[in-house]
Amino acid sequence: MQVITARHPEWIFPFTGLQPAQFRRLVRLVAERGGDAIADGRPGRQWALNLADRVLLVAVYWRTNLTMRQIGPLFGVSHSAAHRVIDTLGPLLALAPARRRPVDQIAIVDGTLIPTRDHRLAAKSKNYRYSTNLQVAIDASTRLVIAIGDPQPGNRNDTIVYRTSGIEEKLNGRPVMADGGYGGNPEVIIPYRKPVDGSAPPAWKEELNTHHRTVRAGVEHALARMKCFKILRDYRRAAHTLVSAASGIANLHNIILAG
């Protein structure tokens, strides 16, 4: 028996954070990307769930981080069918790169540690867990996520991961703000450091640093909102799938924020 279904809109917001109208737009986007043409398993075999319920299953999984044996019965399918739905449909929810973006758009970038159980990529990091370092960039004016980097081992510093994750190329040619941990990347705007002799910095530097912290807080808020999707608090799947899941969650974050 199916417990959760998109046919009952009252289930959508509590389990996904999306309003029903936002969810319908998401389903249309996935359909345009070919989600309705995907068959289950053998050629010609159709999915047990319609497209809207499959999109809902993926969003609920990301939001709740239930196991396959828990989420399958909620949608009236086996745990293996739920796994196939997530594998095939998840990448279609990914954040689409902007076709046109203002050259003077200011981006804010920051990294966050994602506890990841796949030790082929994860490494023991400062949160004392095996984690990966995920770089996220937002638009400073709209606070929408504009780029996601490829996850890197969690024991690497942000200044290194900024270059190795590919996010540097995605933001190329645009002003980028970050915290002091991104020193060594001359194109990134970071706060002024305190003088080596320990004296107080000039008042104008303190004022600029205060403004920098105020603006940069936007990316911290975005990361906190993304982590409302609990899969980013304990990622149990293969590490190579994390980038598509994080990109999909960034897309859902943007849909929720844009209204």
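Residues numbered from 1 in each chain as written. Predicted model: local features only at pLDDT ≥ 70, side-chain atom pairs only at ≥ 80, totals over all residues. Heavy atoms only, no water.

**Notes on the overall build of the chain**
Put simply, the rule reads: Comment: elements are numbered from the N terminus, with helices defined as DSSP H or I runs of at least four residues and strands as E runs of at least two. With C-alpha atoms as the basis for the radius of gyration, the globule rule is written as 2.2 Å multiplied by the number of residues raised to the power 0.38. In this description, contact between two residues means that some pair of their heavy atoms is separated by no more than 4.5 Å. Per-residue and other accessible areas follow the Shrake-Rupley method at a 1.4 Å probe size, with only the shown protein chains counted as cover for residues.
Tallying secondary structure elements over the chain gives 9 helices and 7 strands in all. Rg of the C-alpha trace for the chain: 20 Å, near the compact-globule value of 18 Å for 259 residues, within the 12% margin. Summarising its shape, the C-alpha atoms of the chain cover approximately 70 × 35 × 30 Å along the three principal directions. Summarising the internal contacts of the chain: among those between residues at least 6 apart in sequence, 62% fall at separations of at least 24. Carbon and sulfur atoms form 55% of the exposed surface of the chain, whose accessible area is close to 13100 Å².

**Some thoughts on the nonpolar core**
Heads up, the condition is: Here, nonpolar core means buried Ala, Val, Leu, Ile, Met, Phe, Trp, Tyr and Cys residues that are tied together by side-chain atoms lying within 4.5 Å of each other. Partly exposed describes any residue whose relative accessible area lies between the buried limit of under 20% and the exposed limit of over 50%, with all areas from a 1.4 Å probe on protein chains only and scaled to the type maximum.
Counting residues in each nonpolar core, the largest one holds 54 residues, and the members touching the most others are Val55, Leu57, Trp62 and Phe75. Counting residues per element, this core draws most heavily on helix α3 (residues 51-64), at 9 residues. Aside from chain neighbours lying at most four places away, what touches Trp62 is Gly90, Leu93, Phe229, Lys230, Ile231, Ala245, Gly248, Ile249 and Leu252. Grouped together as the second largest cluster of nonpolar side chains are 12 residues, Ala107, Ala147, Ile167 and Tyr182 included.

**Let's talk about the side chain of Thr116**
We apply this condition: Any pair of N or O atoms that falls within 3.5 Å is considered a polar contact. Within protein, one atom must be able to donate a hydrogen and the other to accept it, and sequence-neighbouring residues count only if both atoms are side-chain atoms.
With respect to the secondary-structure elements, Thr116 resides in the loop between β1 (107-115) and β2 (123-124). From its side chain, Thr116 meets the backbone oxygen of Ile114 in a polar contact 2.8 Å long. When neighbours within four sequence positions are excluded, Thr116 is seen to be in contact with Ala122, Tyr130, Ser131, Thr132, Tyr235, Ala239 and Leu242.

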